[in-house]
Amino acid sequence: KRNRDALQEANRRLTEQAKALAESQRLLQAVMDFSPNIVVVKDLTGRYILVNRMLASMLGTSVEAARGKTDEDLFQPAVAARHRAIDASVLEKGTPASYEEVFERNGTRRVFLINKFALQGVDNHTFGICAIWSDITERKRAEEAVRRREADLREAERIAHVGNWTWDARNDTARWSDELYRIFGRDHSHPLPALFSENSHLFTPESVRRLRDAVKKTMADGRPYELELSLMRPDGSVRYVMAHGDAIRDDDGKIVGITGTAQDITELREAQRLRDE
């Protein structure tokens, strides 16, 4: 009777564990099948032992056909070699790796961010490597569009001799465009002098006074200003700019800074002088 009861209890525990295992497998399969990312697991020999439908769809094959294959079977030689090299590095160092990979098929180009990490059992023994591919194609396109716009803006500023700037009154920090550094004869690597302080040596004393008054007024009523100012370059030369400034407001409508432009009009003033003469 004792043996029979022990056997029944063992069978009961085994049944419960089988149910729990089946539920875990069901949840894992659901995650694999419905994940928007590519999720794969490879063993230590580099064979794919777990593949979801996203990878199969990208490769134009089935999950069953991709399972058991290696990188050399699924990708171009250069791509396969890169995957294998990163796999080896992750397994050797025991640290995750993240890198971008471009995949082209049937004239379609997609960019993925791949995160890889080693898989370990309860005894801390590494038995495989997992990779999650996130499609960042649209993000890369947006980043490239932003880079193109920034390059176009820099070129337009260079041609027009107009620089832009932003001043945050909350922490008294400023950001200058490349062309503004050129107009003021300043080095990017050096910190900017205080823009509106009485000790500012960016402008001549009279221009500093007029600019400070304009900034105070804009910070108070939010109205933009336009001033012709004379600035002092580090080499002692004097240049003239037409400065525009407008208020920056936060989500609550509070004025928190000023943004504006400065156009180098030194040559224009010289041309006007020659015309007058």
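Residues numbered from 1 in each chain as written. Predicted model: local features only at pLDDT ≥ 70, side-chain atom pairs only at ≥ 80, totals over all residues. Heavy atoms only, no water.

Caption draft 1: Local environment of the sheet that holds strand β3 (residues 97-105). Overall, antiparallel pairing links the 5 strands, which are arranged β2-β1-β5-β4-β3 in an open sheet. The open sheet terminates on both sides in strands that have one partner only, identified here as β2 (48-51) and β3. The mean inter-strand angle of the sheet, taken between neighbouring strand axes irrespective of direction, is 25 degrees. Looking at chain direction, strand β1 (residues 38-43) and strand β5 (residues 126-135) are connected through 6 bridges and run antiparallel. Looking at β5, one finds that aspartate 43 is bridged to glycine 128. Sitting on the sheet, helix α5 (residues 77-93) touches β1, β3, β4 (108-120) and β5, and the angle it makes with β4 is about 25 degrees. On top of the sheet, helix α6 (residues 137-160) reaches β3, β4 and β5; it is set at about 120 degrees to β4, its chief contact. (Pairing = 2+ DSSP bridges. Helix = DSSP H or I, 4+ residues; strand = E, 2+ residues; numbered from the N terminus. Axes fitted to C-alpha atoms, helices over the stretch in contact; angles between N-to-C directions. Contact = heavy atoms within 4.5 Å.)

Caption draft 2: Region of the structure containing the pattern of salt bridges. Under the criterion given, the structure shown has 28 salt bridges. Residues arginine 139 and glutamate 143 are paired through a salt bridge, measuring 3.5 Å at the closest nitrogen-oxygen approach. Linking arginine 139 with glutamate 143, this pair stays in helix α6, spanning 4 residues, or about one helical turn. Under the relative-accessibility criterion, arginine 139 is labelled partly exposed at 42%. Take glutamate 143: its relative accessible area is 29%, and that puts it in the partly exposed class. One salt bridge in this structure joins glutamate 143 and lysine 140, with 3.7 Å as the shortest N-O distance. Residue glutamate 143 and its partner lysine 140 are both found in helix α6; the two are separated by 3 residues, about one turn of the helix. (Salt bridge = Lys/Arg side-chain N within 4 Å of Asp/Glu carboxyl O. Buried < 20%, exposed > 50% of the residue type's maximum accessible area, 1.4 Å probe, protein only.)

Caption draft 3: Local environment of the pairing of β1. Of all 6 residues making up β1, 5 are buried, and the element is well covered by its neighbours. Pairing between β1 and β2: 3 bridges, direction antiparallel. Looking at the pairing, valine 41 lines up with leucine 50 of β2. What sits between β1 and β2 in their antiparallel hairpin is a turn of 4 residues, with glycine 46 showing a positive phi close to 95 degrees.

Purely spatial values, then, with no claim about function.
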